[in-house]
Amino acid sequence: MRSKLILALALIFISPLYATEFAYKFSAGDRYRILSTVSADIFIDRVLSFRGETVNRISVEVAEVLGDRAFHKATLQTAQMTIPIADVDSDIRTRVYEWDNDYLTEYWQDSLGYMTVEDRFFKPMVRDVPVFPGRLLQVGDTWTSNGIEVQDFREGFGIEEPVHLPFIANYTYLGLRPWKGINYEAFSVSYRIFHELPPAPAARTPGPGPSVPPGMSLRRIQGASDQIIYFNTELGTVVAYEEYFRTILTLADGFTWESRGRAEAEIFESLPMDRENMAREIARDLSDIDDVQVRISDEGIVISLENIQFIADSAVMLPGEMQKLEIVAEILSRYADRDIHVGGHTALAGTAEGRQRLSLERAQVVADYFLLHNVRESGRMVVRGYGAERPIADNSTEQGMAQNRRVEITILEN
């Protein structure tokens, strides 16, 4: 009996030592980046149709701190690949992610996680998650809070404004859990969404795209998210999260589109890039190669391979051009901690659709070379075709057109 009493008293006095209080900590000027990967099976009208792989790269700056609130500026780039059912077991590391969209956003966030975001912004997609109760928590403690998921349905459904989907999030404090070999405080978050949109009055044309038939209008959105979030209480920041999710879209005619999958994200400190010295060193090492330019851009350092030679109207590179890629690959290997963007460009010839396709295919050829030679992993590289949208010279001359036929590799700061 006495030993039980001593144990009970010990637990009373010792257990508060294991309580944890979660709170964000902010410092003006802090920069960090978030790398998120999403893998989902896509079911169209309940039939498994393909797998979608997405990489989200997010760059965030804490621009201002007022009391316990901080003003954030962020950019987000999404890149995707589509894998046919017959190839879902193949190694995605041998495939290249294609640019999908860019987003800019600004928001305030306080130490408990509550956010203030203008309605015009599509990102962050999930807001007010996680938020904290502002009290000490012990393992097993729970709390709830309201949250919002924001979806971008401009393409396909012609809904020009962000669609806000409210939900109630349920939290449970899990205690210490390992993430990549290091223990962090962890908690689970679960929420469910059921949202019905009013009937679309008629087909409409959302800008330059095709009109949206009435049967394609979106009527119902259902969703589920189950996450584990890892938090560094000393630094006051999320370290990583894992999520399993399911989303079902029901159209006006009863047609369904469903996504089932898993997401994972990790947050990294964003170290500044010494752009001037990097550009100078890279230009020096490329000085013996014709038609190669190096410049500083808002995103980082651009290596422009101008007049890169392919067989006419194809993405088949002439053998001599591979020597350029060998040298560029060696340079990129020195900056292995930086992601890269590979952009293809064409001269003003042919149709806009043909230029877009050709520029993307040529960028993919260069990216495939870097994959094959282990310069970057698939998730560290994105390709994009620009067609003739970004000329650097006059397309009315042969010399200018040659300069515009280029592939640009950008070493990204974030």
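Please refer to the structure placed before this passage.
Residues numbered from 1 in each chain as written. Predicted model: local features only at pLDDT ≥ 70, side-chain atom pairs only at ≥ 80, totals over all residues. Heavy atoms only, no water.

1. Things to note about the overall build of the chain
The secondary structure content of the chain amounts to six helices and 17 strands. Within the chain, the fraction of its 414 residues that count as buried is 47%. Partitioning the intrachain contacts of the chain with sequence separation of at least 6 by distance along the chain shows that 63% fall at a separation of at least 24. (Helix = DSSP H or I, 4+ residues; strand = E, 2+ residues; numbered from the N terminus. Buried < 20%, exposed > 50% of the residue type's maximum accessible area, 1.4 Å probe, protein only. Contact = heavy atoms within 4.5 Å.)

2. Quick word on the packing of aromatic side chains
The full count for this structure, using the stated rule, is 18 aromatic pairs. Measuring from centroid to centroid gives 5.4 Å for phenylalanine 22 and phenylalanine 132, while their planes differ by 25°, and the two rings are stacked. Taken together, the residues phenylalanine 22 in the loop between α1 (2–14) and β1 (31–44) and phenylalanine 132 in the loop between β6 (126–127) and β7 (142–151) connect sequence positions 110 residues apart. Residue phenylalanine 22 is classed as buried on the basis of its relative accessible area of 2%. (Phe/Tyr/Trp six-rings, centres within 6.5 Å; stacked < 30°, edge-to-face > 60°.)

3. Side note on the side chain of lysine 324
Checked against the element boundaries, lysine 324 lands in helix α4 (residues 322–334). Once residues within four sequence positions are removed from consideration, lysine 324 is found in contact with Ile289, Asp290, Glu306 and Asn307.

4. Description of the nonpolar core
One finds Val342, Phe370 and Ile409 to be the most contacted residues of the largest nonpolar core, which totals 35 residues. Among the elements of the structure, α3 (275–285), β14 (300–306), α4, β15 (340–345), α5 (352–372), β16 (381–385) and β17 (406–412) are those that each provide at least two residues to this core. For this core, the element with the highest residue contribution is α5, accounting for seven residues. Of all hydrophobic cores here, the second largest spans 31 residues; its members include Val163, Leu165, Ala169 and Leu249. (Core = buried A, V, L, I, M, F, W, Y, C linked by side-chain atoms within 4.5 Å.)

5. Here we look at the pairing of β1
With 14 bridges joining them, β1 and strand β2 (residues 47–66) adopt antiparallel strand pairing. Paired with isoleucine 44 across the bridge in β2 is valine 47. Turn length for the β1-β2 hairpin, with the two strands adjacent in sequence and antiparallel, is two residues, and the turn residue aspartate 45 shows positive phi of about 50°. With 13 bridges joining them, β1 and strand β12 (residues 256–269) adopt antiparallel strand pairing. Bridged to phenylalanine 43 within β12 is glutamate 258. (Pairing = 2+ DSSP bridges.)

6. Points about the pattern of salt bridges
The final tally for this structure, using the stated rule, is 22 salt bridges. With a closest N to O distance of 2.6 Å, glutamate 258 and arginine 260 form a salt bridge. We note a salt bridge from lysine 324 to glutamate 321, for which the minimum N-O separation is 3.2 Å. Both residues of the pair, lysine 324 and glutamate 321, belong to the buried class. (Salt bridge = Lys/Arg side-chain N within 4 Å of Asp/Glu carboxyl O.)

7. Overview of α3
Residues separated by three or four positions in an α-helix point in the same direction, a consequence of the helix having 3.6 residues per turn. Arg275, Met278, Ala279 and Ile282 are the residues of α3 that are buried. Buried residues in α3, looked at end-on, bunch into an arc of 95°, giving them a common side. Exposed and oriented more than 90 degrees from the buried face of α3 are Arg280 and Arg284. Those residues of α3 that are buried are in contact with β13 (292–296), β14, α4 and β17. (Arc of directions from axis to C-beta.)

8. Quick notes on the side chain of arginine 338
Here arginine 338 shows up in the loop between α4 and β15. Of the side chains with opposite charge, aspartate 337 comes closest to the buried, unpaired arginine 338, at an N-O distance of 4.1 Å. Reaching out from arginine 338, the side chain makes a polar contact with the backbone oxygen of glutamate 413 at a distance of 2.6 Å. Beyond its immediate sequence surroundings of up to four residues, arginine 338 is in contact with Leu271, Pro272, Met273, Arg376, Arg380, Ile411, Leu412 and Glu413. (Lys, Arg positive; Asp, Glu negative; His and termini not counted. Polar contact = N/O pair within 3.5 Å; in protein donor to acceptor, adjacent residues only side chain to side chain.)

9. Considerations on the environment of glutamate 377
Here glutamate 377 is to be found in the loop between α5 and β16. Overall, the relative accessible area of 58% leaves glutamate 377 in the exposed class. Along the chain, glutamate 377 and aspartate 339 lie 38 residues apart, while their C-alpha atoms are 9.3 Å from each other.

10. Re the pairing of β14
Counting buried positions along β14 gives seven out of seven residues, so the element sits mostly inside the fold. Both β13 and β14 contribute to a ladder of five bridges, which runs antiparallel. Within the sheet, the bridge partner assigned to valine 292 lies in β14 and is leucine 305. Where β13 folds back onto β14 in an antiparallel hairpin, the turn is made up of three residues. Bridge analysis of β14 against β17 gives seven bridges, and the strand direction is antiparallel. Looking at the pairing, isoleucine 303 lines up with isoleucine 409 of β17.

11. Notes on α5
For α5, which comprises 21 residues, the first-to-last C-alpha distance of 30 Å matches the rise-based estimate of 30 Å (1.5 Å per residue) to within 8%. Of all the residues in α5, the buried ones are Arg355, Leu358, Ser359, Leu360, Arg362, Ala363, Val366, Ala367, Tyr369, Phe370 and Leu371. In the core, the buried residues of α5 are packed alongside β4 (97–110), α4, β15, β16 and β17. Note on α5: the residue one or two positions beyond its end, asparagine 374, has a positive phi of about 60°. (Expected span 1.5 Å × (residues − 1).)

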